[in-house]
Amino acid sequence: MTRWTLPPDRIPSAWYNVLPRFETPMDPPLHPGTRQPIGPDDLAPLFPMGLILQEVSSDPWIDIPGDVLDILRLWRPTPLVRAVRLEQALGTPARIYFKDESVSPAGSHKPNTAVPQAYYNKVEGITRLTTETGAGQWGTALSFACAQFDMDCLVYMVRTSFESKPYRKIMMQTWGAQCVPSPVDDPSHPGSLGSAITDAVRDAVGRDDTHYALGSVLNHVLLHQTVIGLEAREQLELAGERLPDVVIAPCGGGSNLGGVALPFYEDPSVRLVAVEPSSCPTLTEGRFEYDFGDTGGMTPLLPMYTLGHDFIPPTIHAGGLRYHGDAPIVSKLVHDGRMEAVAYPQGKVFEAALLFARAEGKIPAPEAAHGIRAAIDEALAAKETGEEKVILFNYCGHGHLDLQAYDDYLSGRLMD
Ligand SMILES: *Cc1c(COP(=O)(O)O)cnc(C)c1O
């Protein structure tokens, strides 16, 4: 057996909320103007109350609405796969498992939160959502979710990606959304996630029928992603494993990492590892302090590791990992010493991507390849020590729309 699937009725019925389980409380977000802690009313122009309450909820479990489950069941539960051929290629005694989130309609983990976000907006009478997108994964996920709920969707896409990566834009349009390059007011600017957030927030606060949706970073986003780790726990048991020794995921804003790792938070023997690009080393080289989520300083100040909200990351291919900050939950875990962080240059990441693709067949998204790099290094370390380590990583997306990056790597044009 190398693959464990769960029947559709075994999809988790509640999300795992880590907030009430922390020993020390999270620092609150602060108002960008007054620098005082913000309340639900401050967020109401942007988000529906259903999500605002989840952002601060102290319930250890939050029920997933039936209408959301019906849509998640289009592709969930996702498979847990043992990468036996990769283990053999490495000659490691470690057992390497990955959770395959690439099977969603958008090809990544992001629809796990796009669907509930669209749902909570819809039930509160909102008919239009705006958002930002980097390489386009979040934009496609929200476009798909809005199509399911018959809502309008406008996606501000980081300009460099808008120009160099047309296919996700076409997916968004296929699902009925509109996609424009950002920053909207400066056509010569390459853009960044931070500036695209500014555009999307400004649009949403200006209209009563419109809210804003964020694809990562916030507590409710990580909450929605916990279906990944909850399913993985059950599947690992089916595979005859007790617990993994280490759980690994790439970290851009922290949502797929939170999703796979948080359900293991209360198992102290399980190491949790965040992987980031050395060109945008938020957790490994950033400062832990309050910073804005966007470039324009319109969002609340969040307590997080940050490279500074005006940091413009180099245009590396893993567009989803080019964010100046990180989820406050992930930042707290790293700051408290519960989670480790490592950074890799692109060349090492693509080397791992090719090794994985040639062994397992699947071509990973460059973001996912960061996690694969770390998983391979864990497996090679286990080979040194002879340990039968159990490694779980999140295969957060496929790379079928990132083939330009592979072409660059294969023809030696890729810069570290
Ligand atoms: C968006 C994205 C990421 C980064 O976002 P997180 O919130 O850190 O998960 C990573 N991988 C893929 C495939 C993505 O689409």
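### Things to note about the pairing of strand β13 (residues 301–306)
Counting buried residues in β13 gives 5 out of 6 residues, a clear majority hidden from the surface. Where strand β12 (residues 287–292) lies against β13, 6 bridges are found, and the strand directions are antiparallel. Bridge assignment links D291 to a residue of β13, and that residue is L302.

### Digging into the environment of A14
In this fold, A14 is placed in strand β2 (residues 14–16). On the basis of neighbour count, A14 is assigned to the partly exposed category, with 14 C-beta atoms found within 10 Å. Considering only alpha carbons, one finds A14 and I64, 50 residues apart in sequence, at a separation of 5.0 Å. Ignoring any residue separated from it by four or fewer positions in sequence, one finds A14 in contact with W61, I62, D63 and I64.

### Topic: the packing of helix α5 (residues 111–123) against helix α6 (residues 137–148)
Two measures define how a pair of helices packs: the angle their axes make with one another and the distance between the axes. At a minimum axis separation of 8 Å, α5 and α6 run at an interaxial angle of 40 degrees. It follows that α5 is oblique to α6 by the angle criterion. For the crossing formed where α5 meets α6, the hand is right-handed. Residues P111, A114, V115, Q117 and A118 of α5 pack against A141, L142, F144, A145, C146 and Q148 of α6. Considering only residue class, the contact of α5 with α6 consists of 9 nonpolar, 2 polar and no charged.

### Observations concerning the sheet that holds strand β6 (residues 128–133)
Taken together, 4 strands build an open sheet; the order of strands is β8-β7-β6-β9 and the sheet is parallel. Since the sheet does not close on itself, it has two edges, and those belong to β8 (178–182) and β9 (210–212), each with one partner. With direction set aside, neighbouring strand axes in the sheet form an average angle of 25 degrees. Lying on the sheet, helix α9 (residues 193–205) is in contact with β6, β7 (152–158), β8 and β9; it crosses β6 at an angle near 170 degrees.

### A word on the domain arrangement of the protein
Once the domains are mapped, the protein shows domain 1 (13–30 + 46–66 + 110–216) and domain 2 (75–108 + 220–410). Contacts between domain 1 and domain 2 engage 41 residues on the former and 48 residues on the latter. Only β2, α2 (49–55), α5, α6, α7 (159–164), α8 (166–174) and α9 provide two or more residues apiece to the side of domain 1 that touches domain 2. Top contributing element to the side of domain 1 that touches domain 2 by residue count: α9, with 7 residues. Here the side of domain 1 that touches domain 2 is composed, by residue class, of 19 nonpolar, 15 polar and 7 charged.

Reading the values: rules and limits
- Residues numbered from 1 in each chain as written.
- Predicted model: local features only at pLDDT ≥ 70, side-chain atom pairs only at ≥ 80, totals over all residues.
- Buried ≥ 20, exposed ≤ 12 C-beta atoms within 10 Å, placed from the backbone.
- Helix = DSSP H or I, 4+ residues; strand = E, 2+ residues; numbered from the N terminus.
- Pairing = 2+ DSSP bridges.
- Contact = placed C-beta atoms within 7 Å.
- Axes fitted to C-alpha atoms, helices over the stretch in contact; angles between N-to-C directions.
- Parallel < 35°, antiparallel > 145°, perpendicular 65-115°, else oblique.
- Left-handed = near helix turned anticlockwise from the far one by under 90°.
- Nonpolar A, V, L, I, M, F, W, Y, C, P; charged D, E, K, R; others polar.
- Domains from an automatic or database assignment.

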